[in-house]
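Summary of the model geometry
Below, each chain spelled out in residue letters.
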Amino acid sequence: MYQLLILLLLADIQTFAQSESPFAEKEATKISSQFSFTEGPARDKKGDVYFTDQPNNTIWKYNKKGELTLFLKDTGRSNGLYFDKKGNLLSCADEKFELWSIKKDGSHEVLLSAIDNKEMNGPNDLWIAPKSGLIYFTDPYYQRDYWTRKKPQLAAERLYYFNQKTKELTTISDDFVKPNGIVGTKDGKTLYVADIGANKTYRYEIKEDGSLGERILFLNKGSDGMTIDEAGNVYLTGDGVSAYNPSGEEIGHIAIAEKWTANVCFSGKKKDFLFITASKSIYKIKMKIKGV
């Protein structure tokens, strides 16, 4: 009987993934508009969300009670964020082209600062594989007004993975125009990467050693930030938030009243709210399905 219930549940999830809109509401609720450009939302184990306001060099916290507080100043111009299993907040800190690991007290360790003695372009977004702990990250070049340099030191804008234990960095691919958003599945077997410069999103199989299989076109659409739900639906940003089932079919869209929607993550104790960073504002919307 128990196995039958599990099979029925999985069948319901699969059916949901194929057709039904995952949004429980027609409009997102604005939380605050006190920022310059919000990015990089990441959910911790409690359901609280941390996000960046990159022009102001800060990281903020929005907890599951609906309280908004400043977590950290002088963040290395952090952009994309992601929590590791130990509760450290990993950050794409592009002020000095680094990857950081930020502790709960706000102190940080620089995990990676250069590639073959050359400055990285500017790490943008990252995802951590659940089993191996490998850090997959994109490194596009966006000229920042707080840099003194005016051109990149590296020849290409690439996708990498970094092993924290061995300190080894592996180049996965440099066949991108401008890689940006990135997210993987809960089982750690599939990786999605958006090439915002080519307006495409790709899917890869993640092999046991962390390397990737053949690159497969998922969508003729790029994205700034990305997230995924328990049914494998993928959420892309830019013009609001669009949801796509694992077959690449659009199953829902939420318009956001900002010029640009930068990133998304699931939030709350039950992972049943979608948290949205969009230019000067942050939003949330109730979902019919939970995130991973």
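Residues numbered from 1 in each chain as written. Predicted model: local features only at pLDDT ≥ 70, side-chain atom pairs only at ≥ 80, totals over all residues. Heavy atoms only, no water.

Focus: the overall build of the chain
A count of helices and strands for the chain gives 1 helix and 24 strands. Counting the 292 residues in the chain, one finds 55% classified as buried. In the chain, 47% of the contacts between residues at least 6 apart in sequence involve partners at least 24 apart. Just so you have it, the chain exposes about 14000 Å², and 48% of that area is on carbon and sulfur atoms. (Helix = DSSP H or I, 4+ residues; strand = E, 2+ residues; numbered from the N terminus. Buried < 20%, exposed > 50% of the residue type's maximum accessible area, 1.4 Å probe, protein only. Contact = heavy atoms within 4.5 Å. Areas by Shrake-Rupley, 256 points an atom, 1.4 Å probe, with all protein chains shown as cover.)

As for the packing of aromatic side chains
Taken as a whole, this structure holds 16 aromatic pairs when the rule is applied. Ring centres 5.8 Å apart and planes at 35° place the aromatic pair Tyr 62 and Phe 275 in the tilted group. Of this pair, Tyr 62 sits in strand S4 (residues 58-62) while Phe 275 sits in strand S23 (residues 273-278), placing them 213 residues apart in sequence. Assigned by exposure class, Tyr 62 and Phe 275 land together as buried. The interplanar angle of 25° and the centroid separation of 5.3 Å between the aromatic rings of Phe 137 and Tyr 160 together place this pair among those described as stacked. Of this pair, Phe 137 sits in strand S11 (residues 135-139) while Tyr 160 sits in strand S12 (residues 158-163), and the two are 23 residues apart along the sequence. The class of Tyr 160 is buried, set by a relative accessible area of 0%. An aromatic cluster is built from Phe 35, Phe 51, Trp 60, Tyr 62 and Phe 275, whose rings are joined through pairwise contacts. Lying over the aromatic face of Trp 147, Arg 149 brings its terminal NZ or CZ to 4.4 Å of the ring centre. Above the ring of Phe 176, the side-chain terminus of Arg 215 is found at 5.3 Å from the ring centroid. (Phe/Tyr/Trp six-rings, centres within 6.5 Å; stacked < 30°, edge-to-face > 60°. Lys NZ or Arg CZ within 6 Å of the ring centre and 35° of its normal.)

Points about the confidence of the model for the chain
Here the chain shows a mean pLDDT of 94. Residues at 70 or above account for 94%. Counting interchain partners and residues more than four positions distant, the pLDDT-below-50 stretch residues 4-11 has 0 contacts. (pLDDT = per-residue confidence, 0-100.)

Here we look at the sheet that holds strand S24 (residues 281-286)
Neighbouring strands of a sheet are bound in pairs by backbone hydrogen bonds; such pairs are parallel or else antiparallel. Ordered in space as S1-S24-S23-S22, the 4 strands form an open sheet in which the pairing is antiparallel. What marks the edges here is a single partner per strand, and that holds for strand S1 (29-32) and strand S22 (263-267). Strand-to-strand twist in this sheet, taken as the mean axis angle between neighbours without regard to direction, amounts to 30°. For S23 and S24, the ladder comprises 6 bridges, and the chain directions are antiparallel. In the strand pairing of S24, Thr 277 is matched with Ile 282. (Pairing = 2+ DSSP bridges. Axes fitted to C-alpha atoms, helices over the stretch in contact; angles between N-to-C directions.)

Brief notes about the environment of Lys 269
Relative to the helices and strands, Lys 269 resides in the loop between S22 and S23. Note: C-alpha distance between Lys 269 and Gln 143 (126 residues apart in sequence) is 37 Å. Sequence-distant contacts of Lys 269, defined by excluding residues within four places in its chain, comprise Arg 43, Lys 46, Gly 47 and Lys 64.

Comments concerning the sheet that holds strand S19 (residues 234-238)
Read across the open sheet, the 4 strands follow the order S18-S19-S20-S21; overall the sheet is antiparallel. Only two strands of the sheet have a single neighbouring strand rather than two, namely strand S18 (226-228) and strand S21 (250-254). Pairs of neighbouring strands in the sheet enclose a mean axial angle of 20°, with direction left out of account. Pairing of strand S20 (residues 240-244) with S21 involves 4 bridges; the strand directions are antiparallel. Among the inter-strand pairings, Val 241 is bridged to a residue of S21, identified as Ile 254.

Observations regarding the pairing of S22
By the criterion of burial, S22 is predominantly enclosed, with 5 of the 5 residues buried. Side chains Asn 263, Cys 265 and Ser 267 of S22 all project onto a buried face; the interleaved residues Val 264 and Phe 266 project onto the opposite face, where all are buried too. Sheet analysis places S22 next to S23, joined by 5 bridges and oriented antiparallel. The residue of S23 that forms the bridge with Phe 266 is Leu 274.

Considering the pattern of salt bridges
For the structure on display, the rule yields 8 salt bridges. A salt bridge links Arg 149 to Glu 119; the nearest nitrogen and oxygen atoms lie 3.1 Å apart. One end of the pair, Arg 149, is in the loop between S11 and S12; the other, Glu 119, is in the loop between strand S9 (108-112) and strand S10 (125-128), with 30 residues separating them in the sequence. For Glu 119, a relative accessible area of 27% corresponds to the partly exposed category. (Salt bridge = Lys/Arg side-chain N within 4 Å of Asp/Glu carboxyl O.)

What about the nonpolar core?
One finds Trp 127, Tyr 136, Leu 159, Leu 191 and Tyr 204 to be the most contacted residues of the largest nonpolar core, which totals 24 residues. Those elements that place two or more of their residues in this core are S12, strand S14 (179-184), strand S15 (190-195), strand S16 (200-205), strand S17 (216-219), S18 and S19. In terms of residue count, the dominant contributor to this core is S15 (4 residues). In contact with Trp 127, not counting residues within four places along its chain, are Tyr 82, Leu 134, Ile 135, Tyr 136, Ile 182, Val 183, Gly 184, Thr 185, Gly 188, Leu 191 and Ile 206. Formed by 18 residues, the second largest nonpolar core is a distinct cluster that contains Ala 243, Ile 251, Val 264 and Ile 289. (Core = buried A, V, L, I, M, F, W, Y, C linked by side-chain atoms within 4.5 Å.)

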